[in-house]
Structure formats: C-alpha cells, structure tokens
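# Observations on chain architecture
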Amino acid sequence: MKKRTHGFQVLLPLSVLAILILINLIKGADYFSVTLINGALYGNIPNILFGASELVILAIGMTLVTSSSGGQDISVGVAATISSSVFVRVLLGSASITWTTILVAFLISCLVGIVIGAFNGSLVAMFNVQPMVATLILFTAGRSIAFLIDGRLSPILANDLTSQIGSVIPGVPIQTPIILTAVFIAVVAVFLKATNLRLYSEAVGINPRAARLNGIDPVRIKLLTYMILGVCTAVAGFIAVTKAGRHDSVNLLKFCEMDAILAVAIGGNPLGGGRFSVSGSIIGAYTIEVLNRTLLRLEVDPETIKAFKAVFILVLMVVSSPVVRAYAAKGVARLRARLDATVAKKPRDPEREEA
Amino acid sequence: MGENGAGKSTLIKVMTGVYEKDSGQIAIEGNAIHFKSPQDAQAFGVGTVYQEITLCPNLTVAENMFIGRGRYAFVNWKRMRERAARLLDSLGIPARPTQQLSSCSLAIQQMIAIARAIDMDCKILILDEPTSSLDEDEVRKLFSLMRELKSRGVGIVFVTHFLDQVYEISDRITVLRNGEFIGEYEASALPQFELVSKMMGKALDDVARIRKHEPSTRAGETPVFEATGLSSAAGVRPFDFSIRKGEVNGFTGLLGSGRSESVRAIYAADKVTGGDIKIKGKKANIGEPIHAMRLGIGYLPEDRKGDGIIADLSVRDNIILALQVLHGFWKPFSRKQAEAFADEYIRSLNIKTASSATPIKSLSGGNQQKAILARWLLTHPEYLILDEPTRGIDVGTKVEIQKLVLKLAEEGVSVTFISSEIEEMLRTCSRLIVMRDRSIVGELTGGDLTENVVMRVIAGGS
C-alpha cells in the first residue's frame, strides 16, 4: 500500500510537468531543441535544469526539516545570502583566486550554513519554538547581517573561475550548476541509503514520544536535519552568487523560501511532518521552474505572472488534496467493480477454468 | 462483543455517521434516517464516546464538554462553567471545569467524554470500550450512571472486552466476528463460555490450561536487574526492586497508584531523579531509554497510541524500529533483512495485516499491540517490561500474550507484567508488588497469590 500512495505522490507533479510541457510544445514544436554554443548545450530543458538548481537543493533540505519538525524554515533564502556573503568575503580577501581558494571559501561558507542551521535547529528542538517563528528571527535580520559581512553594496566577483562555476567550464558540455545539482542529489541519495535518517526523522515527526522510548533522541535528529538544511542553503547560496557574479545582499534568492516550501508541498509531502519523499520535492521544484518559464513563454506580463502562478498552484493543490484523492479512489473502485461485473457475466472460458 | 478486528469500532463509526453506510437502513423511532456526518447523528440524539479519547488535551474540562455545541458564535463562559460544574458534580467526576484536560488522568478524561455525550440530551448512547482505562471503582460509578440513564429511557450500546462487565450491565448481546454478524442473544440465556466460543469461532482454548512455571529459587543468585531508591520526576516515591533471570513479576494496585510510573522509572521513560541500578550485579547508569535498551531491557508502554506506535509508518518499520536503533544510525538494515524480520514475527505472533507495508494505524488495537510486542521480541531482551499489554484487546489475544510471557520466562527472559485484571497477573506472575499512593506497600509470593489477599493489600488491610 505504501508503494501505491507513494507512486501517486510522484505521479501528480509528474503529470503536471507533462501538461506544462505539452502547453509548451503547442506554443512551439521546437521546445526540446538543444543548441551547442561554444561547446555547451543550451535550450529550454538545459535552461530549466540550470534555473531550478538552487530551488532543488533548498527543497531537499526543506523536506528533511519538514519531516522531523513538522514545520518549515522560512529563512533559507536569507541563510543562503549570509553563507554566500562569507564565501565572497573569504574569496575576495585571499591573495589570488584559484580552485583551492574557492574550495576553501566554499567549505567555510558550508560551515556558516551549519552554524545557522544549528541556531535555528536548537530553537526548534531544544526550546520547542514553532519552526516558522524560530526562523522568522533570521528571516528578519539575515539580509542586514549579510550586508554587514559584505561591508558594501554588491561586491563583484570578477574572475574567470567563479563565473565558470556559475555558467560553463570550457570543455564540459553541461552548465556547471546542473552538474553541481546532480552531484548534490546523488550525495543526498547515498546519505539516505547509508543511514537511518529517513526512519529516525519520520518517527520523530510522527510521534516524538514513541521515538524517544525506542532510543531515538528527537532533539538530536531535529538538530541534524536543520544542520543538513544549513549545508543545502550554503550550496544554494554558492551557486546563486557564482551565477550572478556579484553578491547582492538585498535581492539574492529573494522569495525562494516560499517556492522551496511549495516544492515540498507539490511533492506530496505532508507539511505537518512524518513521511517524506525527496524525489517528490525535487520534481516539485522543477515543476515550479517550468511553470515560471512557461508563463514567460506564453508572454504573460512579468508584472502579473505571480497571479497566474497562484491560480495554477491553487488548482494543483485542490486536485492533490485528500478530499479529491478520496473521491478519485472511490471512482476507481466503482469502475473496477463494474468491470469485474461485466467480466463475470461473460460465458466462462473452459480453458481458463482448467488452468 | 467480538474479538479484535471483528468490526465493532467500524460498525459504530457507520452507526454514528463517521463513515457513510454503503447499504442497509438505520431507523430511529421507526423513521429511516441517513447520517451524513457525526453532527447529523448527534442532532438525532445519538451520542457517542469512542474507544480512543477524542477530546482536546489543551482545552479546559468545561470547554471540552461544550465545544462545538453552541448555535451562536458567542460563548457565555460563566454559564458554561456552571453547567459543567453541575454535570461533573452529578456524575461524581473529580475534576474542576477550569482545569486543563491534559492534567486529568486518562480515566477522568474518559468520564468527561461520557459526560459530554450524556449532556447532548441523547436518546441513544454508544460507548466504545469506555472502561478499558478505568479502575473498578470508576467502572462501578460508570455503571450506576448507565443504569440511571437506562431508567430515563436512554438506549445504550456498550462495547467492551470485559466479559464480566457485559453480563453485569447488558440485556442483550450482539456478537461480531471477522466483520460479520454472528448473532444476537439474551444475556441471561447465553453462558459465558458459549459467548467466548462464538466470538472466537472455535472452542475456547481454556485459559485455565495456562500454567506458570515457578523459577527455582537459588539463594544468593544475582538479580538480572536491581534498583535501590529509584525515583522519577513523575512523582513515584523512591523504591527498591529486583528481578531474577526467568522470573515473571508484576506491579499491581489501583489506577494511579504508581505502578506505571514505577516501570517507567526503571526504563528511564520519565526523568530519573535518584537511585542506583545494578545489572547482573554490576553498577549501571540508565538516564535515557536508549541506555536501558543497550542493557537488554525492553518496554511496552501503557499508552499504545501515544507512546507505542508510530502511526503513519508501516508495520515493518514499527517492528524493526527498536532493533534498528540498537543496530545504529549508520547501519540501516537492507529492505530484504527488514522484510524478513517483520514477516517472521507477523507469522509467529499471527498479526493480522494486509502486508508488512501497511501503515500500522490501519490495524486493529490488538494487532497493533502484537506489532509493538514483536518490536521488543526482535531485540531479544533479557528483561522485558510489559505495561498493560492486554488492555483493550480480545480474549484470544490476551491468552496468547499470557502464554507468550510464560514461554519467554521459560527461555530465561525476565518479565515484569502489569495488568488491570488481577486474575491475569495471578496466572502469570510468581511475585506481585502491590502499590498504593505511589509507594510499594507489599510484596506477595507463593500461597499469598490469591485474589483475596491481593485485594486486601491493595485496599490497605493487613
């Protein structure tokens, strides 16, 4: 039964994706076309994968936090801005920019992400503050903190190496953020496979008291998921800042926290915690990106795009709601019963009876 | 009446509009009625108290009694409190209207749920397992209340697992088995053993055949577990306790006497505030449940829904949970291994489930309990604590669990067994620790293990 509900979870965003792609195909049959420019692939699909990379990574972390704590972190965009400001600061402060210094700066920014996650996580896990309220603190203060770290408005990353991370490394046909996202997804998949994080987090999210009586420390697990989310924000911030080429503490990854939560919801994950599907959230994140680009392609006025997006999401949420699901299940059962009845009415096949 | 999974609770949910009926007819005073929701049922005078308490623990007693009942958006708080106080008083429920519900014991909460249903001016009152968390005195109060309502002309449907209670209060008995109607009988014309065999669909595997095995007492043997001066934040007075290898002992006493709190202190389920613990003679420190687990202690909690099951997870995950945690965060079992563990116990304990991937919440109470039992058996504990493992489950499963306890003891596992039913404990335990007012008041062995003596000690006689 688990498999079937799980299948349905992923089925819905997938079919939405299919509908969106169909709309795009109707608009222009060249939707899937890919062109080679300077040795790298460009086109609608690569652009979607490129554009959604930060959102996908944030959605993965958000899924884990949602599962263990039954709440959402609304400070992910801000956290990414802070950790990337540290990255920029360290990088610009070093004597020369090489792959090594970039790696060191990145690792330091990951550390910052973990500290931010631990801060949010300890408020949630130890002081039992509602996740949204706990992360509201950083949400409010974060961009000012990032500005203070920057020391000035929008420091610029003017060098080849970081811009290669944000776009294309010569000789590699795929844009770097797409590769980074794929690697990150793989790391998360391996981590989930190699540990009991899923079982522990789901148990803590569903029934923390019972989890504790079975030897799981709910505080530690919640803290761990927030720290993992911290790493996710650092990676997302790293990609975002290399894409932009400068650190705009006011606008970097603005409003992405809501999209990350939305991706988790579209992925069929209960926002109240417990069972979770990372693949659902990833598909959800790509769906949001495709939706944004489809609306742009349909020449919806950028000023009104948010309203159209809202309508679309409203329909999606209603269709995937438990009420509609129950109706759908009933309908399927009735159909099956009718089918069985007509089959039974048919004269019996003697061969089959023998078998 | 009916065993676990016979369809009692489901039938009641259909009768009260929680589930919509697919076919058939419901008539009240001769008029055919179709309930679309529980509110519908209430409007027609069908009041219900469900098996699991469905009140809001964070609201006050009075709010719980009247919530969702007003026709108006405004609430007259003073009047509400007064009415609540009157009702509580007339039913003899020891709770204040302004008290938060979560500060009441389970039994009191149950009685408040009944009070809520009664005040709805109901013609028909449906009680699904109302007595499973009440002690005898409270059951008596409830029964006198039920008789009072009966004389006022209220029809009562009473669902229970307690055979004695059915015979004490009911006029007619309807038996269900495996979701089917078996029959309806006059209570006076249906002998108890016949009722049980109808429920089980076979001749009763006589409970009398359960024989406990007396562990040979060797002087100077080191106990498997020994505690001195143990106390916990849940308010249990410092107590001494020990258990030998292969021994079955039990804590008994009235509800709220501290028997659950005592075993919770042993397992560190509540914060331990003092005391020394020795495992096989060696000093040990149990500050968290995980420490107890690592020392080979298993604990089946009293509150199955709140402390036992992880409702949304599969039966498989629920079964392997404790062993998996002992195994370690970095060493998850493979799917195949987990499947094998779960299937082994689903078979050996005869857990009725569609598959091991079914969410545990969709199983009946008794089968959920068996799954939790399987969870601990899988860890092969040296010392197993079972707090009310037989509560709210059918006769057949109760017998199975008692037999299992004795079998475990024969294999050398030490078991602490708690049950509200004294006969069950007398059948299984070779030593009974009697509690009153959160401290140990007596310890009974051998010839003292009779119902009479136990009752006397509980009641405070000599």
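Residues numbered from 1 in each chain as written. Chains lettered and ligands numbered in written order. Predicted model: local features only at pLDDT ≥ 70, side-chain atom pairs only at ≥ 80, totals over all residues.

### Comments concerning the nonpolar core
Counting residues in each nonpolar core, the largest one holds 155 residues, and the members touching the most others are Leu55, Leu58, Ala59, Ala203 and Ala260 of chain A. If one sorts the elements of this core by residue count, helix H11 (residues 218–244) of chain A sits on top with 16 residues. With residues up to four places along the chain from it excluded, the contact list for Leu55 of chain A reads Cys256, Asp259, Ala260, Ala263, Ala285, Ile288 and Glu289 of chain A. Of all hydrophobic cores here, the second largest spans 47 residues; its members include Tyr50, Met65, Ile108 and Leu195 of chain B. (Core = buried A, V, L, I, M, F, W, Y, C linked by C-beta atoms within 7 Å. Buried ≥ 20, exposed ≤ 12 C-beta atoms within 10 Å, placed from the backbone. Helix = DSSP H or I, 4+ residues; strand = E, 2+ residues; numbered from the N terminus. Contact = placed C-beta atoms within 7 Å.)

### As for the domain arrangement of chain A
Residues and elements named next belong to chain A. Taken domain by domain, chain A consists of domain 1 (2–299) and domain 2 (302–344). Each of domain 1 and domain 2 was reduced to a C-alpha centroid, and the two centroids are 29 Å apart. Counting residues at the interface gives seven residues for domain 1 and seven residues for domain 2. Elements represented by at least two residues in the side of domain 1 that touches domain 2 include exactly helix H1 (2–27), helix H12 (256–266) and helix H13 (278–297). Residues that form the side of domain 1 that touches domain 2 fall into these classes: six nonpolar, one polar and no charged. (Domains from an automatic or database assignment. Nonpolar A, V, L, I, M, F, W, Y, C, P; charged D, E, K, R; others polar.)

### Topic: unusual backbone geometry
Note on backbone geometry: most residues besides glycine have negative phi, and most peptide bonds are trans. All names here are of chain A. We note that Asn38 has phi near 50 degrees; this positive angle belongs to a residue other than glycine. Relative to the assigned elements, Asn38 resides in the loop between strand E1 (34–37) and strand E2 (40–43). Within the chain, Phe255 stands out as a residue other than glycine whose phi angle is a positive 65 degrees.

### Quick word on the interface of chain B and chain A
Each partner contributes to the interface: chain B provides 28 residues, whereas chain A provides 20 residues. For the side of chain B that touches chain A, the elements supplying multiple residues, two or more each, are helix H10 (289–294), helix H11 (304–308) and helix H12 (315–327) of chain B. Sorting elements by how many residues they give to the side of chain B that touches chain A places H12 of chain B first, with six residues.

### With respect to the domain arrangement of chain B
Residue and element names in this part refer to chain B. Split into domains, chain B comes out as domain 1 (8–203) and domain 2 (209–459). Between domain 1 and domain 2, the C-alpha centre-to-centre distance is 30 Å. Across the contact, 10 residues belong to domain 1 and 11 residues belong to domain 2. Residue contributions to the side of domain 1 that touches domain 2 peak at three residues, all from helix H8 (residues 192–200). The class makeup of the residues in the side of domain 1 that touches domain 2 is four nonpolar, three polar and three charged.

### Things to note about the confidence of the model for chain A
Note: predicted coordinates in regions of low pLDDT should not be interpreted at a detailed level. Residues at a pLDDT of 70 or more form 94% of chain A, whose mean pLDDT is 89. Across residues 348–355 of chain A, where pLDDT falls below 50, the model places one contact with residues more than four positions away in sequence or in other chains. (pLDDT = per-residue confidence, 0-100.)

### Quick word on the pairing of strand E13 (residues 297–300) of chain B
All names here are of chain B. The two faces of E13 match: Ile297 and Tyr299 on one face and Gly298 and Leu300 on the other face are all buried. Here four bridges tie E13 to strand E14 (residues 383–387), and the two strands are oriented parallel to one another. In the strand pairing of E14, Ile297 is matched with Tyr383. (Pairing = 2+ DSSP bridges.)

### Overview of the sheet that holds E13 of chain B
All names here are of chain B. Ordered in space as E13-E14-E15-E10-E16-E17, the six strands form an open sheet in which the pairing is mixed. Only two strands of the sheet have a single neighbouring strand rather than two, namely E13 and strand E17 (439–445). Recorded for the sheet is a direction-independent mean angle of 15 degrees between the axes of neighbouring strands. Where strand E10 (residues 248–252) and strand E16 (residues 431–436) come together, four bridges link them in parallel fashion. Note that in E16 the partner of Gly250 across the bridge is Leu432. Contacting E10, E14 and strand E15 (414–418), helix H15 (residues 395–410) runs over the sheet at an angle of about 155 degrees to E15. (Axes fitted to C-alpha atoms, helices over the stretch in contact; angles between N-to-C directions.)

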